[in-house]
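Listed below are the residues making up each chain.
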Number of protein chains: 2
Amino acid sequence: MKSKQWLLASRPQGEPTEANWQYQEVDAGDVAQGQIKVKVQYISLDPAMRGWMNDGKSYIEPVQIGDVMRAGAVGEVLESNAEGFSVGDKVYGSFGVQSVAVCDTKGVHKVDPSLAPLERYLGVLGMPGMTAYFGLLKTGLPEAGETVVVSGAAGAVGSVVGQIAKIKGCRVVGIAGGKDKCQYLIDELGFDGAVDYKNEDVRKGLKTQCPDGVDVYFDNVGGEILDTVLTCINLRARIVICGAISQYNNTTAVKGPSNYLSLLVNRARMEGIVVFDNAKHYGEAAQEMAGWIAQGKLKAKEHVVTDIETFPDTLMMLFKGENFGKLVLKVEHD
Amino acid sequence: MKSKQWLLASRPQGEPTEANWQYQEVDAGDVAQGQIKVKVQYISLDPAMRGWMNDGKSYIEPVQIGDVMRAGAVGEVLESNAEGFSVGDKVYGSFGVQSVAVCDTKGVHKVDPSLAPLERYLGVLGMPGMTAYFGLLKTGLPEAGETVVVSGAAGAVGSVVGQIAKIKGCRVVGIAGGKDKCQYLIDELGFDGAVDYKNEDVRKGLKTQCPDGVDVYFDNVGGEILDTVLTCINLRARIVICGAISQYNNTTAVKGPSNYLSLLVNRARMEGIVVFDNAKHYGEAAQEMAGWIAQGKLKAKEHVVTDIETFPDTLMMLFKGENFGKLVLKVEHD
């Protein structure tokens, strides 16, 4: 059985290009003891992937040159030599950017397709949802009545952050690019306000939308937007550093937040998060979020692109701000 | 009775110059009901004064053009029309850069000259000591066995931070400018190591002196040094933002920490502090620190410059890293 694969061919300088990838179709291989073979159906495309393409120490090992690109994915078990997994099971795992994966079962878990469409397990019911849940609640520590601002607000993490903050009784303002996204935040997700960074002055927008200042800022983008929000924070504000997508393709140094001394003036805090630290508590979080979804308080949106051949271009949509909702790659099988 | 005064004449662009100050000798004025007249003996010179010279919102109002420059100071009560204060009392207050102050008693408190030389109440027993105590213990949260790094380590705040961290059982490394200061940190204050930022590569120095990485960083300087320490922090490190003296005279934007995404990778925290928030607990802190001083565990060093006429030049010593210990201006009286 053939697997279509995207390998990391070289490390990018700045934006990833076609030259950094190698496409191949190879035999998926035999299923050894303890392994499963998975028909990959949806592949998660995430900003963090850009970091994994770099060499050097981070919160996770870099992908090695010549390896299948790392990615979370969902699919169906085709063969199993592993305890606890049967043919036909729907599973989530780090299956990589390939159409068929043969792998051990570390980090693989079953998902229930009767509860939600499979691709949702890559979004609100997957790592982005968990990132939003734990990052906001454990590090952002929002209190009812406070103002929460989130950037990348129409993205996989940001949209969930804003909705959870609403559930917790906060005033919620999203920063997103384009009128459609901003309208969606307000009309569909119930945000109190939105700032369109592509078409308006972010500082003015924040001043208008956050008349009482910013108590919690959940940052997915870094760069100028982080710097601008720093000028609007309140005493003892909490800034959650989840990502910095505006900086991931820099060929020069990352832009540090020039206004970081606002932390001093406001006795405020900036703290980084990595979702994996909460792995022991994913179950509880998933249960609570499933409840909110059932009650209609938490909505999901996926941006599905077909097929695996488009991977290099589709990944770039993240960095251009072209995805609307959680970006996933759908893999067609004959 | 004449008072020698330094007024803020204009707001500096970059480094303060003589043109930003106006010297005058004026009658100190009458002591109204509720007021005291104080013979100012030692004036505290602090990096924060640079910020007070700027217009704009901060944690405290800016000094207005034409006003006596704000400064903490200690002196002796010459006349009192205020309850609780008698002629001859030694007092601390925000008396400003002047030789005789007539003021109300808000924020004024008596100090005991039999316990310590008067100038010490501007250093280890004053705001710098309190800043170190609360900033390190409440925000840095050092645990025995952890590595604590402090910049401006031979300064008023840094020297106390390092000594308290030693008392708490930490490995302590100071960053300071010049061999004398570094030797002093190790020989006199008991630091485990020192990095001389004027004569060695800070990153290499930290790698050598902090073989187990950095758990707590107490930052008084900002700029390149903050950025470098960010590359050496451990998981869940705490960075206390106390000041950024390297940036206070910038005419361009403050240099933000380019390596702030190390907070994400390491799930670390950066938090600002302002000492005044702890005013209710100064008493307890002073008591504990007095105990450490009595036991010889906490040493003080003041850098005393005479006389008030030298104020503009003496203040600049802070920004050139020329002070060795707490910088105070001694006021001579006939």
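Residues numbered from 1 in each chain as written. Chains lettered and ligands numbered in written order. Predicted model: local features only at pLDDT ≥ 70, side-chain atom pairs only at ≥ 80, totals over all residues. Heavy atoms only, no water.

Chain A is annotated in an unreviewed UniProt entry as NADP-dependent oxidoreductase from Salinimonas iocasae.

**Considerations on the overall build of chain A**
Scanning chain A from terminus to terminus reveals 9 helices and 15 strands. For 334 residues, the compact-globule formula gives about 20 Å, and the C-alpha radius of gyration of chain A, at 20 Å, lands near that figure. With respect to the principal axes defined by its C-alpha atoms, chain A has extents near 60 × 45 × 35 Å. Counting over 334 residues, chain A shows a buried share of 57%. Summarising the internal contacts of chain A: among those between residues at least 6 apart in sequence, 66% fall at separations of at least 24. Summing over all exposed atoms, chain A offers an accessible surface of approximately 13,600 Å²; the carbon and sulfur share of this is 47%. Across chain A, 34 positive and 41 negative side-chain charges occur, with their mean positions spaced 6 Å apart. (Helix = DSSP H or I, 4+ residues; strand = E, 2+ residues; numbered from the N terminus. Rg over C-alpha atoms; globule rule 2.2 N^0.38 Å. Buried < 20%, exposed > 50% of the residue type's maximum accessible area, 1.4 Å probe, protein only. Contact = heavy atoms within 4.5 Å. Areas by Shrake-Rupley, 256 points an atom, 1.4 Å probe, with all protein chains shown as cover. Lys, Arg positive; Asp, Glu negative; His and termini not counted. Charge placed at Lys NZ, Arg CZ, Asp CG, Glu CD.)

**Re the nonpolar core**
With 126 residues, the main nonpolar core has Ile 43, Met 270 and Phe 311 of chain A together with Ile 43, Met 270 and Phe 311 of chain B as its most contacted residues. Once residues lying within four places of it in the same chain are set aside, the contact partners of Ile 43 of chain A are Ala 71, Gly 72, Ala 73, Gly 96, Val 97, Gln 98, Leu 122, Ile 308, Leu 327, Val 328, Leu 329 and Val 331 of chain A. Within the second largest apolar cluster, 46 residues are counted, among which are Leu 125, Val 216, Trp 292 and Leu 298 of chain B. (Core = buried A, V, L, I, M, F, W, Y, C linked by side-chain atoms within 4.5 Å.)

**A few points about the pattern of salt bridges**
Counted according to the given criterion, the structure contains 24 salt bridges over all chains. Between Lys 326 of chain A and Asp 46 of chain A there is a salt bridge; the shortest N-O distance is 2.8 Å. Taken together, the residues Lys 326 of chain A in strand E15 (residues 326–330) and Asp 46 of chain A in the loop between strand E3 (35–44) and helix H1 (48–52) connect sequence positions 280 residues apart. Just as Lys 326 of chain A is buried, Asp 46 of chain A falls in that class too. Connected via shared salt-bridge partners are Arg 236 and Arg 267 of chain A together with Asp 277 of chain B. (Salt bridge = Lys/Arg side-chain N within 4 Å of Asp/Glu carboxyl O.)

**Regarding the sheet that holds strand E10 (residues 193–196) of chain A**
The mixed open sheet is built from 12 strands, whose spatial order is E10(A)-E9(A)-E8(A)-E11(A)-E12(A)-E13(A)-E13(B)-E12(B)-E11(B)-E8(B)-E9(B)-E10(B). Either end of the sheet is taken by a strand with one partner, and the two such strands are E10 of chain A together with strand E10 (193–196) of chain B. Looking at each pair of strands side by side, their axes are set apart by 15° on average, direction ignored. The pairing of strand E8 (residues 147–151) of chain B with strand E11 (residues 214–219) of chain B spans 3 bridges and is parallel. For Val 148 of chain B, the partnering residue across the bridge sits in E11 of chain B and is Val 216 of chain B. Against the sheet, helix H4 (residues 179–187) of chain A touches strand E9 (171–176) and E10 of chain A, its axis set at about 170° to E10 of chain A. (Pairing = 2+ DSSP bridges. Axes fitted to C-alpha atoms, helices over the stretch in contact; angles between N-to-C directions.)

**What about the environment of Leu 318 of chain A?**
All names here are of chain A. Position of Leu 318 among the secondary structure elements: in helix H9 (residues 311–319). Residue Leu 318 is classed as buried on the basis of its relative accessible area of 9%. It is 8.3 Å that separates the C-alpha atoms of Leu 318 and Ile 245, two residues lying 73 residues apart in sequence.

**A short note on the pairing of strand E3 (residues 35–44) of chain B**
Residue and element names in this part refer to chain B. By the criterion of burial, E3 is predominantly enclosed, with 8 of the 10 residues buried. Here E3 pairs with strand E6 (residues 100–104) via 5 bridges, running antiparallel. Each bridged residue has a counterpart across the sheet, and for Ile 36 the counterpart in E6 is Cys 103. The pairing of E3 with strand E4 (residues 73–80) spans 7 bridges and is antiparallel. The partner of Lys 39 across the bridge, within E4, is Glu 76. Direction of pairing for E3 relative to strand E15 (residues 326–330): antiparallel, over a ladder of 3 bridges. Looking across to E15, one finds that Tyr 42 is bridged to Lys 330.

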